[in-house]
Amino acid sequence: MGAGGRMNEARRERDVFKRVPIEKPSFGIADLKKAIPPHCFKRSLTTSFYYLFRDLGLIYAFYYIATKYITQLPQPFSFVAWPLYWIAQGAICMGLWNIVHDCGHHCFSDYQWLDDTIGFICHSFLLTPYFSFKYSHRTHHANTSSLEKDEVWVPKRKHDTWFYEVLSNPVGSFIMLVFRLFFGFPLYFMFNLHGRIYKGFPSHFNPLGPIFNDRERAQIWLSDAGVLTFVYALYRIGAKEGLQWVLFVYIYPLMAMSAFFIMFTYLHHTHPSIAHYDSSEWDWLRGALSTVDRDYGILNNLFHDVTSAHVVHHLFSSIPHYNTVEATQYIKPILGEYYNYDYTPILKAIWRDTKECLFIEEDPEKKGVYWFHK
């Protein structure tokens, strides 16, 4: 039994690193859509509101526990309780963030105004510029894995990565991982870190920046106003309750949420087995298939399966999150080797991919196709 288990584990480990096919698939998007039952594409206002209120209720419950009970705990019990609260509340906030991500794709309800209203309020509460992300994320979905036009997690080529020799060691990898997890979220929105190269100032908070077109700029101003409103509210609360209250109850859980966001978006689009393409070879379907599904255990449910059903989300972003797992099961037989699932434990996976995926190099046998290297 023991030997067999080790053999199976070794076989699975080899499968994880097997490169996905880069040839144009024999199936098309219409074939995949035909395989998915029509009900998977239907939005349910009742179901969407159930998950929204579930997450809001959990956020309030943990807030109540923190302010009512954890603040009263003596040391050293509070040293344990507070970090547990930050992680748990951060994970739940990440779930709420993902529901709002559905709003941006207009798959929360049949009403665009309702999706945008809920998305604007909830994302502003999480200090995320709603319309700014909605529009840049749309570009990401339209250009996934394109080296020239993708919007996020665009890998560096070796000749552009002057620092890879410094980081290609355990200490460098650890520093890069910690920096990415704790600063990647705010730096992405403020300075487009890990994003596409633009001329000008490509900030999600810059309405006049190159990320957006003229029709979108008024809503970018609105996004900024929403975030600033909540920042001002935090300032007023801090003036009354103190800086420590704001940090412990709100900021540190938000930092945990940010780390979760960076972790799973990075792991969706960074893997030794997936390809990136330049303009000579890229097409939408192969780009969308250059993503990875992963198992986060109980966090799959808290994150509304954006982690375990990300491939189908890139193929059909209009499917509500509560139907993506079911839809995945219908397309997997058609995708075959084009479907990429990695069951490596998450902490092991993010450490491995941080070390293994420092930059990309062109396939020596296929021009325009690039693979990760270290």
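What you are looking at is a predicted structure, and each value in this text was computed from that prediction instead of being measured. (Residues numbered from 1 in each chain as written. Predicted model: local features only at pLDDT ≥ 70, side-chain atom pairs only at ≥ 80, totals over all residues. Heavy atoms only, no water.)

Student: Before we go on, may I ask you to explain the packing of helix α4 (residues 77-104) against helix α10 (residues 243-269) in this structure?
Tutor: Relative placement of two packed helices is described by the angle separating their axes and the distance separating the axes. Direction vectors running N to C along α4 and α10 enclose 60°, while the axes themselves pass 7 Å from each other. Here α4 lies oblique to α10, going by the angle between them. Every pair of crossing elements has a handedness; the one defined by α4 and α10 is right-handed. For the pair formed by α4 and α10, the contact residues are Trp82, Tyr85, Trp86, Ile87, Gln89, Gly90, Ala91, Cys93, Met94, Trp97 and Asn98 on the first element and Phe248, Val249, Tyr252, Pro253, Ala256, Met257, Phe260, Phe261 and Phe264 on the second. Within the contact of α4 with α10, the residues separate by chemical class into 17 nonpolar, three polar and no charged. (Axes fitted to C-alpha atoms, helices over the stretch in contact; angles between N-to-C directions. Helix = DSSP H or I, 4+ residues; strand = E, 2+ residues; numbered from the N terminus. Parallel < 35°, antiparallel > 145°, perpendicular 65-115°, else oblique. Left-handed = near helix turned anticlockwise from the far one by under 90°. Contact = heavy atoms within 4.5 Å. Nonpolar A, V, L, I, M, F, W, Y, C, P; charged D, E, K, R; others polar.)

Student: What should I look at first to understand the environment of Pro37 in this one?
Tutor: Within the element layout of this structure, Pro37 appears in the loop between α2 (29-35) and α3 (45-68). Spatially, the C-alpha atoms of Pro37 and Leu247 are 46 Å apart, while their sequence positions differ by 210 residues.

Student: Just checking my understanding: could you explain the sheet that holds strand β5 (residues 366-373) for this structure?
Tutor: Think of a sheet as strands paired side by side through backbone hydrogen bonds, with each pair either parallel or antiparallel. Pairing is antiparallel across the open sheet formed by three strands, whose spatial order is β1-β5-β4. Each edge of the open sheet is held by one strand with a lone partner, namely β1 (276-277) and β4 (359-363). Looking at chain direction, β4 and β5 are connected through five bridges and run antiparallel. Bridge assignment links Asp363 to a residue of β5, and that residue is Lys366. (Pairing = 2+ DSSP bridges.)

Student: Just checking my understanding: could you explain a nonpolar patch on the surface for this structure?
Tutor: Residues Val171, Phe174, Ile175, Val178, Phe179, Phe182, Phe183 and Met255 make up a contiguous nonpolar surface patch of roughly 750 Å² in combined accessible area. It is helix α8 (residues 170-191) that provides the largest number of residues to the nonpolar patch, a total of seven residues. Considering the arrangement of structural elements, one finds Val171 in helix α8. Here Val171 falls in the exposed class, since its relative accessible area comes to 57%. (Patch = residues over 30% accessible without salt bridge, like charges linked within 9 Å, V, L, I, M, F, W, Y side chains within 5 Å. Areas by Shrake-Rupley, 256 points an atom, 1.4 Å probe, with all protein chains shown as cover. Salt bridge = Lys/Arg side-chain N within 4 Å of Asp/Glu carboxyl O. Buried < 20%, exposed > 50% of the residue type's maximum accessible area, 1.4 Å probe, protein only.)

Student: What am I meant to see in the packing of aromatic side chains here?
Tutor: Any pair of aromatic rings gets described here by the distance separating the centres and the angle formed by the planes. Enumeration according to the criterion identifies 36 aromatic pairs in this entry. Ring plane angle 75° and centroid distance 6.2 Å describe the contact between Tyr64 and Tyr69, whose orientation is recorded as edge-to-face. One aromatic cluster is present, built from ring pairs that chain together Trp97, Phe133, Phe185, Tyr188, Phe189, Phe260, Phe261, Phe264, Tyr296 and Phe303. If you follow Lys33 out to its NZ or CZ, it ends over the ring of Phe41, 5.5 Å from the centre. (Phe/Tyr/Trp six-rings, centres within 6.5 Å; stacked < 30°, edge-to-face > 60°. Lys NZ or Arg CZ within 6 Å of the ring centre and 35° of its normal.)

Student: Looking at this model, I keep getting lost on unusual backbone geometry. Mind explaining?
Tutor: Note on backbone geometry: most residues besides glycine have negative phi, and most peptide bonds are trans. The step from Gln75 to Pro76 runs through a cis peptide bond, and the omega angle for that step is 5°. For Pro76, the position within the fold is in the loop between α3 and α4. Phi is positive for His194, which is not a glycine, with a value near 70°. Relative to the helices and strands, His194 is located in the loop between α8 and α9 (217-241). Here the phi dihedral of His304 falls at roughly 60°; this positive angle occurs in a residue that is not glycine. Locating His304 in the fold gives a position in the loop between α12 (298-302) and α13 (310-315).

Student: Help me out: how do you make sense of the nonpolar core in this one?
Tutor: What tends to happen in soluble globular proteins is that the nonpolar side chains get buried as a cluster. Counting residues in hydrophobic clusters, the biggest one holds 60 residues, and the most contacted among them are Met94, Trp97, Met257, Met263, Tyr296 and Phe303. At twelve residues, the largest contribution of residues to this core is made by α10. Non-local contacts of Met257, meaning those with residues more than four positions away in its chain, are made with Gly90, Cys93, Met94, Trp97, Leu126 and Phe185. If you look at the next biggest cluster of nonpolar residues, it comprises 19 residues, including Ile36, Cys40, Ala288 and Ile319. (Core = buried A, V, L, I, M, F, W, Y, C linked by side-chain atoms within 4.5 Å.)

Student: Please explain the UniProt feature "transmembrane region" (unreviewed entry) in the chain as it appears in this structure.
Tutor: Following the UniProt record, one finds the feature "transmembrane region" (unreviewed entry) at residues 48-65, 77-97, 166-191, 218-235 and 247-267. The span residues 218-235 is 100% helical and 0% strand by assignment, and the distance between its end C-alpha atoms comes to 26 Å. (UniProt positions renumbered as here; feature names shortened; annotations may be inferred.)

Student: It is not clear to me how the side chain of Ser258 should be interpreted in this structure. Could you clarify?
Tutor: Positionally, Ser258 belongs in helix α10. What makes Ser258 buried here is its relative accessible area of 7%. Those residues in contact with Ser258 that sit more than four places away from it in its chain are Leu181 and Phe185.

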